[in-house]
Amino acid sequence: MFYQMAIGFVILSLVFIPLERKFSLRREQPILRKGWLTDVIHFFLSRLLTTGGSYAIAVILYIFFHQLLNNPLQAAITRQPGWLQFVEAYLIAEITFYGIHRLAHTWHWLWKFHAVHHSSENLDWLASVRLHPTDMIIANIVVGLPLILLGFSAETFGVWSVISTFLAVFNHANVRVSYGPLRWILADPHFHHWHHANEPQAINKNFSGLPLLDKLFGTAYMPKNQWPRRYGVDDAIPQNYFKQLLFPFRKTRPAIANSDYAPYPPQNYSR
C-alpha cells in the first residue's frame, strides 16, 4: 500500500505543481511553503491510519447491520444503470457529508479534530491531506454507511471515490479557477477557499461539494471576483505532525475564529 501511495504522491505532484505555477492564485507562495513536510507525513501516515481505522469500524458495523444487506431495495438499486447509480450516490454522499461537515464546525468535540485541517495558513494541493485520522474516519463512516446499506455497486463506489478525491485535492490548490455558471452544481477552488478563510464573514460557510446545498441552508458565501486574504484558525495549532495528532486531546476548546481582530479586506484577484 505504501508503494501505491508513493506513486500517487508522485503523480499528484507532477500534475498539480505545474498547474499551480501556471494558474497561480498567489504567485509569491513557494512550493515548499510553511508546513509542507508535515503535510507530506499526513499524506502517508494519516492515510494509513484512516484506512485501517475505517476498515476496522466497517467490520464492526457489518456484524450489526449484515441482516439489512441483500434486501429488495438493494437489488433494485443494483439493477439500475451505472450512471443513475452514480448520480444517486453522489447526491446522498453530498447530503450526508454536508451534515457531518457542518456538525464538525459547530460541535466542539468534532471541531477539535477538524481544526487540524483548517490550521493550514497557505492553501495548495498538498494542504488537502492535512486531516486528523479521527476526523476522516468519522466522515468516511457517516458518508459510506448509507451507500453500503442501499447497495450501490462496487463500480459506483470506485468512480465516486476517484472523482471526489481528485476534486478535494483540486479545490485546495493554489489556483485561480472558478466554474462560472456551474459553480452552484460543483464546488470549485473559489468556493472552497472561502471555506478555509479566517475572516468573520466566511466562518462556517461553504460546507458541501454541491454548493446548492449551502445555498439552500443559508451557508453559502462566494463574493464575486474576491478571494480570501488569509486562511487558518486563531488557535496556535502546532506544525509538528505528531503534536497535531495530540492537539484534539488538550483540555482547552479550540476556537473556530476570533472576531475581535480587525479583519483584512478581501483581496481582489480579478483581471
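Now for a quick tour of the structure. Owing to the predicted nature of the structure, the values given are computational and were not obtained by experimental measurement.

## Concerning the overall build of the chain
- For the chain, the helix and strand inventory stands at ten helices and two strands.
- Starting at the N terminus, the α and β elements of the chain follow one another as α-α-α-α-α-α-α-α-α-β-α-β.
- Computed over the C-alpha atoms, the radius of gyration of the chain is 19 Å, within 12% of the 18 Å expected from 2.2 N^0.38 for a compact globule of 271 residues.
- Here the chain, with 271 residues, has 43% of them falling under the buried criterion.

## Some details on the nonpolar core
- Judged by nonpolar contacts, the single largest core of 14 residues is most densely connected at Phe9, Phe16, Phe43, Phe44, Trp125 and Leu126.
- Contributions of two or more residues to this core are made by α1 (2–22), α2 (36–65) and α7 (154–172).
- Each residue touching Phe43, except ones within four places of it in the same chain, is listed here: Met5, Gly8, Phe9, Leu12 and Val129.
- Judged by nonpolar contacts, the second largest core, of seven residues, contains Val143, Leu147, Phe152 and Trp160.

## Notes on empty space enclosed by the protein
- Tallied over the entire structure, the rule returns two cavities of 30 Å³ or more.
- In this structure, the second largest cavity spans a volume of roughly 30 Å³.
- Along its surface, the second largest cavity is lined by Lys34, Ser119, Ser120, Glu121, Asn122, Arg130 and Gln239.
- Here the residues of the lining of the second largest cavity are counted per class, giving no nonpolar, four polar and three charged.

## Observations regarding the pattern of salt bridges
- Enumeration according to the criterion identifies four salt bridges in this entry.
- Here Asp39 makes a salt bridge to Arg33, at a shortest N to O gap of 2.8 Å.
- For Arg33, a relative accessible area of 4% puts it in the buried group.
- Several salt bridges converge on common partners, so that one network encompasses Arg33, Asp39, Asp124 and Arg130.

## Some details on the side chain of His118
- The topology assignment puts His118 in the loop between α5 (108–114) and α6 (133–150).
- A polar contact of 3.1 Å, which involves the side chain of His118, links it to the side chain of His195.
- Sequence-distant contacts of His118, defined by excluding residues within four places in its chain, comprise His105, Trp111, His195, His196, Gly232 and Val233.

## Points about the side chain of His101
- Summarising the element assignment, His101 is placed in helix α4 (residues 82–106).
- Taking the relative accessible area as the measure of exposure, His101 reaches 6% and is therefore buried.
- Every residue in contact with His101, bar those within four places of it in the chain, is listed here: His114, His195 and Phe207.

## Concerning a nonpolar patch on the surface
- Residues Val59, Ile60, Tyr62, Ile63 and Phe64 make up a contiguous nonpolar surface patch of roughly 570 Å² in combined accessible area.
- Within the fold, Phe64 resides in helix α2.
- Residue Phe64 is classed as exposed on the basis of its relative accessible area of 64%.

## Examining the packing of α2 against α6
- For the pair α2 and α6, interaxial distance at closest approach is 9 Å and the crossing angle is 40°. It follows that α2 is oblique to α6 by the angle criterion. Seen along the crossing, α2 lies across α6 with a hand that is right-handed. Two secondary-structure elements touch here, α2 through Ser46, Leu49, Thr50, Gly53, Ser54, Ile57, Ala58, Leu61 and Phe65 and α6 through Pro133, Met136, Ile137, Asn140, Ile141, Leu145 and Leu149.
- Residue composition of the contact of α2 with α6, grouped by class: eleven nonpolar, five polar and no charged.

## Observations regarding the environment of Asp39
- Tracing the sequence through the fold places Asp39 in helix α2.
- Sequence-wise, Asp39 and Leu12 are 27 residues apart; in three dimensions their C-alpha atoms are separated by 14 Å.
- In contact with Asp39, not counting residues within four places along its chain, are Arg33, Leu126, Ala127, Val129 and Arg130.
- Here the side chain of Asp39 touches Arg130 through a polar contact of 2.7 Å, side chain to side chain.

Definitions and limits used
- Residues numbered from 1 in each chain as written.
- Predicted model: local features only at pLDDT ≥ 70, side-chain atom pairs only at ≥ 80, totals over all residues.
- Heavy atoms only, no water.
- Helix = DSSP H or I, 4+ residues; strand = E, 2+ residues; numbered from the N terminus.
- Rg over C-alpha atoms; globule rule 2.2 N^0.38 Å.
- Buried < 20%, exposed > 50% of the residue type's maximum accessible area, 1.4 Å probe, protein only.
- Core = buried A, V, L, I, M, F, W, Y, C linked by side-chain atoms within 4.5 Å.
- Contact = heavy atoms within 4.5 Å.
- 1 Å grid on protein atoms, 1.4 Å probe; cavity = no way out; pocket = protein on both sides within 12 Å on 5 of 7 lines; lining within 4 Å.
- Points joined across faces, edges and corners; volume = space filled by probe spheres on them.
- Nonpolar A, V, L, I, M, F, W, Y, C, P; charged D, E, K, R; others polar.
- Salt bridge = Lys/Arg side-chain N within 4 Å of Asp/Glu carboxyl O.
- Polar contact = N/O pair within 3.5 Å; in protein donor to acceptor, adjacent residues only side chain to side chain.
- Patch = residues over 30% accessible without salt bridge, like charges linked within 9 Å, V, L, I, M, F, W, Y side chains within 5 Å.
- Areas by Shrake-Rupley, 256 points an atom, 1.4 Å probe, with all protein chains shown as cover.
- Axes fitted to C-alpha atoms, helices over the stretch in contact; angles between N-to-C directions.
- Parallel < 35°, antiparallel > 145°, perpendicular 65-115°, else oblique.
- Left-handed = near helix turned anticlockwise from the far one by under 90°.

As far as function goes, none of this settles anything; it's purely spatial.
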